[in-house]
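Chain by chain, the residues run as shown.
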Amino acid sequence: MRKTLWFISIVVIASLALAACGGGATTSTDGGETVTVVETVVVEVTSSAPVVVAPTGFGVTLETVKARGNLICGVNSQVPGFGYVDANGAFSGFDVDYCRALAAAIFGDASKVEFRPVTASERFTALQSGEIDILSRNTTWSLARDTELAGNFVHTTFYDGQGIMVPVDSGITTLKDLEGGTICVQTGTTTELNLADVMAAEGVSYTPAVFDDADATFAAYAEERCDAVTTDKSGLVSRRTVLADPSAHVILDVTMSKEPLGPMVRHGDDQWFDIAQWTVFAMFDGEEFGITSANVDDIKASATAPEVKRLLGVEPGMGLKLGLSDDWAYNIIKLVGNYEEVYNRNLGPDTPTYIPRGFNSLYTDGGLLYAPPVR
Amino acid sequence: MQAGVKQKTTIPFWRDERILKILGQVVFIIGLLFAGSIIWKNMQAGLAKQGITLSFQFLKSIAGFDISEMLIEYTRESSYWQAYQVGLLNTLSVSIVGVIASTMLGVILGVSRLSTNFLINRLAAFYLELMRNLSLLVFLIFWYLGVFLKLPKVKEAIIWNGNIFLTNRGVGIPWGIPTASYPTFRLILLIGIILAVIVFFALRAYSKRTGKAPLTTLWTLLTFIIVAVIGWYVLPEKPLTLDVTRVEGLRITGGKILSPEFLALTSGLVLYTSAFIGEVVRSGIQSVSKGQVEAAHALGLSKFKTLRLIVFPQALRVIIPPLTSQYLNLIKNSSLAIAVGYPDVFYVSNTVLNQTGRAVEMISMVMLTYLIFSLITSILMNWYNAKIKLVER
């Protein structure tokens, strides 16, 4: 009986303590021993179970990141060229380098970033819950994601379109040839929805075979579970390189959708959004002005164009507006590179995941990359 | 100090065990509700901060994605709610098939494990040890990638007896297709069932009255079969026509196509769970005292009859409770379907979650679904357990 009583009283005290710290009102006016007990427990509970709430509100994310000392970036780990873990466990890829650029802008150190691999279906929850500071994982910008998922797309960093890949020996050349076929697709993607849309419009009946991650999707395709596999064209190019015989597979000459890919941040912190966006623009500007990681020091020393001087922080003031130091853009270009460098490093002609620039060229070259002025 | 005098005659309430017991429980429940409300408020505050509100309205919107297998009508224009129902029925069908098949296999394994035949005994023991020490997820992936996807392509399908197709797109078996007279036939079947039930009760009453043991089960079944067969031939048109699988372009069609995902999931679950059920059955049988078996033998009952009439009825009392938890395990384990791409309720809900971002709503729906499934199973099994348990007077 004594034991039970003890147990009950402990439970009661613990629940009271929980109530107190949760409600935020810890005013107990009673004197005596019991109160002392309550107070001790309060301390224990608060220290052992901190309430995790995603940081929101103007400037909060930057503060959190700076206090933590590194940036946590949600990335892909299964798509070579965009986000991939190599045999040594190192992350590489186009989206991964964007995270490094952001870290360079904030800390002046591109290595102060922790990569956290997230699957297509986990990514938005991870962002919403504050597990990651930014999502840079070949994510398509769409209305529903911009609103319902409580996120803001920073800017398009890669203009993509959905494609479809088939084995060469299947003889399939158009979507109509896929009548009655099975198509492998990854769950939680816009691809899954586009596929349904396009096939309904074409009047082609098909069976989807849907998997949880890229590895499972392409493993099933490799086992010929499906007649075709569909995802963004960039994804197809990159995944084809890790198939047993890349030359045995062909990407059909059909584009099923617009897929503007880019990083995404949470709603509610406009400063963080600005920093993320101008990191992209700094990389565009770097290419436009011909500033590379190799010549950035020379240009900084000898620049005469006011625009370049403002960008590199020779004329001060721009970084402060973002809540960063004035050499933010210099650090991005110096430590990570401009858009062209990053592109060529991951998706250029010398890489196995070569994708022609296409829309992803500067507006001066007929592409869509266009940065607002730095002033 | 009049009250003080009174207190001496009765125990003060803070020392009264009866009151304290109730008080303790009341305080505990209040504490629980308190903690619950804090968690709830915390969640609401967190969601409000991010501008997310809780609502189930989204279930009415158009889903926009396709699902590979379904038991009810579903297209990309159906609602999220319908998508959820598709998943629900898929989970249900895997669970039902799984529970039935793993019980049958489990009983065979349990009995084999106790067989005096060395080979059967050792084989069963080996199988049980192997299965019980495997990870189910690994096992499922093995069945999917290692077995069912290794079957030949559609064009090189293995064909058994001209009507069973084995391909990496699924296994096609002949299947009946209802014709115009099928509704009438269904009615005849219903009549057959009613007649069979009548026969069953009549024979049982007869057996009670006379003390003789007529073959109740046999006659009941026979009644039903006779009615069904007569119905089949009397109708002007056959109620079902046989549809055989055939290759059509990129796919196999006709008959019943069992997808590799369904096959991998059910065979994995059945083989895995049956090992546990086998152990449950073995322990149940061993719990029946040896004297019972010896007495049955002394009475001249055959081995099979001893098992059926003496051992099993007593073993069942021990078997049912752990068997229930195995059934629950199987149902809950079926949520691993996502690993092999089978669209069960968890998988579909996951897709809905991704497309809508409604994490709290969808996760609660899934939790509630599994809870209800499990509770129903428990209730049924408990009812059965109560029915077969030793009647004590």
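Owing to the predicted nature of the structure, the values given are computational and were not obtained by experimental measurement.

With respect to the overall build of chain A
- If you tally the helices and strands in chain A, you get 15 helices and 13 strands.
- Taken over 375 residues, chain A has a buried fraction of 49%.
- By sequence separation, contacts in chain A at least 24 residues apart represent 74% of the contacts at least 6 residues apart.

Concerning the overall build of chain B
- If you tally the helices and strands in chain B, you get 12 helices and eight strands.
- Relative to the compact-globule value of 21 Å for 393 residues, chain B shows a C-alpha radius of gyration of 28 Å, a clear excess of over 25%.
- Counting only C-alpha atoms and orienting by the principal axes, one finds that chain B spans roughly 100 × 70 × 50 Å.
- Put simply, chain B has 393 residues, and 28% of those count as buried.
- In chain B, the proportion of contacts linking residues at least 24 apart, taken out of those at least 6 apart, comes to 68%.

Things to note about unusual backbone geometry
Residues and elements named next belong to chain A.
- Notably, N138 is not glycine yet its phi reads approximately 20°, a positive angle.
- Within the secondary structure, N138 sits in strand β6 (residues 134-140).
- You can call N138 buried: it has 27 C-beta atoms within 10 Å.
- A positive phi angle, close to 60°, is found at E224, a residue other than glycine.
- By secondary structure assignment, the location of E224 is in the loop between α8 (214-222) and β11 (228-232).

With respect to the interface of chain A and chain B
- Residue-level contacts link 44 residues of chain A with 38 residues of chain B.
- Secondary structure elements with two or more residues in the side of chain A that touches chain B: α1 (2-23), α5 (123-128), α7 (190-202), β10 (207-211) and α8 of chain A.
- Top element by residues in the side of chain A that touches chain B is α1 of chain A. It accounts for seven residues.

Considerations on the domain arrangement of chain B
- With domains assigned, chain B is organised as domain 1 (2-49) and domain 2 (80-174 + 244-388).
- Inter-centroid distance (C-alpha atoms) of domain 1 of chain B to domain 2 of chain B is 46 Å.

Let's talk about the packing of helix α10 (residues 270-288) of chain A against helix α14 (residues 328-335) of chain A
Residue and element names in this part refer to chain A.
- For the pair α10 and α14, interaxial distance at closest approach is 10 Å and the crossing angle is 65°. Remark: the crossing between α10 and α14 carries right-handed chirality. Where α10 approaches α14, its residues T279, A282, M283 and G286 are matched on the opposing element by A329, I332 and I333.
- Residue composition of the contact of α10 with α14, grouped by class: five nonpolar, two polar and no charged.

A closer look at the sheet that holds strand β4 (residues 91-92) of chain A
Residues and elements named next belong to chain A.
- In space, the three strands of this open sheet follow the order β2-β3-β4, with antiparallel pairing throughout. Pairing within the sheet leaves two strands with one partner each, and these edge strands are β2 (78-79) and β4.
- The pairing of strand β3 (residues 83-85) with β4 spans two bridges and is antiparallel. In the sheet register, V85 faces β4, and the bridge partner there is F91.

Focus: the nonpolar core
- Counting 153 residues, the largest nonpolar core has C99, L102, I183 and I332 of chain A as the members making the most contacts within it.
- Counting residues per element, this core draws most heavily on helix α8 (residues 260-287) of chain B, which supplies 12 residues.
- Those residues within four positions of I332 of chain A in sequence are excluded, and the remaining contacts are A101, A104, A105, T279, A282 and M283 of chain A.
- If you look at the next biggest cluster of nonpolar residues, it comprises seven residues, including V154, A157, V171 and I257 of chain B.

Here's the deal with helix α10 (residues 303-333) of chain B
Residue and element names in this part refer to chain B.
- Here α10 is 31 residues long, yet its end C-alpha atoms lie only 36 Å apart, well below the 45 Å a rise of 1.5 Å per residue gives.
- Inspection of α10 places V311, A315, I319, L323, Q326, Y327, L330, I331 and N333 among the buried residues, and these make up the whole buried set.
- Along its buried surface, α10 packs onto α3 (80-113), α5 (136-147), α8, α9 (290-298) and α12 (359-388).

A look at α8 of chain B
- Here α8 of chain B contains 28 residues, and its C-alpha end-to-end distance of 40 Å stays within 8% of the 40 Å for a straight helix at 1.5 Å per residue.
- The element α8 of chain B is largely enclosed, with a buried count of 22 among its 28 residues.

Focus: the packing of helix α4 (residues 94-107) of chain A against α14 of chain A
All names here are of chain A.
- At a closest axis distance of 8 Å, the pairing of α4 and α14 adopts a crossing angle of 140°. In terms of orientation, α4 lies oblique with respect to α14. Where α4 crosses over α14, the handedness of that crossing is right-handed. Side by side, α4 and α14 meet where A101, A104 and A105 of the first sit next to W328, N331, I332 and L335 of the second.
- Its residues assigned to classes, the contact of α4 with α14 shows six nonpolar, one polar and no charged.

A short note on the pairing of strand β9 (residues 182-186) of chain A
Residues and elements named next belong to chain A.
- Judged by how many residues are buried, β9 sits mostly within the fold: five of five residues are covered.
- Burial along β9 is two-sided: the residues T182, C184 and Q186 and I183 and V185 are all buried.
- Bridge count between β9 and β10: five bridges; the pairing is parallel. Across the sheet, the residue bridging to V185 is V210, located in β10.
- Where the polypeptide runs from β9 across α7 and back to β10, its parallel neighbour, the crossover connection is right-handed.
- With two bridges connecting them, β9 and β11 associate as parallel partners. Across the sheet, the residue bridging to I183 is A228, located in β11.

Observations regarding the confidence of the model for chain B
- For chain B, per-residue confidence averages 88 on the pLDDT scale, and 96% of positions sit at 70 or higher.
- Two numbers describe this predicted complex: its pTM, 0.76, and its ipTM, 0.74.

What counts, and at which threshold
Residues numbered from 1 in each chain as written. Chains lettered and ligands numbered in written order. Predicted model: local features only at pLDDT ≥ 70, side-chain atom pairs only at ≥ 80, totals over all residues. Helix = DSSP H or I, 4+ residues; strand = E, 2+ residues; numbered from the N terminus. Buried ≥ 20, exposed ≤ 12 C-beta atoms within 10 Å, placed from the backbone. Contact = placed C-beta atoms within 7 Å. Rg over C-alpha atoms; globule rule 2.2 N^0.38 Å. Domains from an automatic or database assignment. Axes fitted to C-alpha atoms, helices over the stretch in contact; angles between N-to-C directions. Left-handed = near helix turned anticlockwise from the far one by under 90°. Nonpolar A, V, L, I, M, F, W, Y, C, P; charged D, E, K, R; others polar. Pairing = 2+ DSSP bridges. Core = buried A, V, L, I, M, F, W, Y, C linked by C-beta atoms within 7 Å. Expected span 1.5 Å × (residues − 1). Parallel < 35°, antiparallel > 145°, perpendicular 65-115°, else oblique. Right-handed = clockwise from strand over helix to strand, strands pointing away. pLDDT = per-residue confidence, 0-100.

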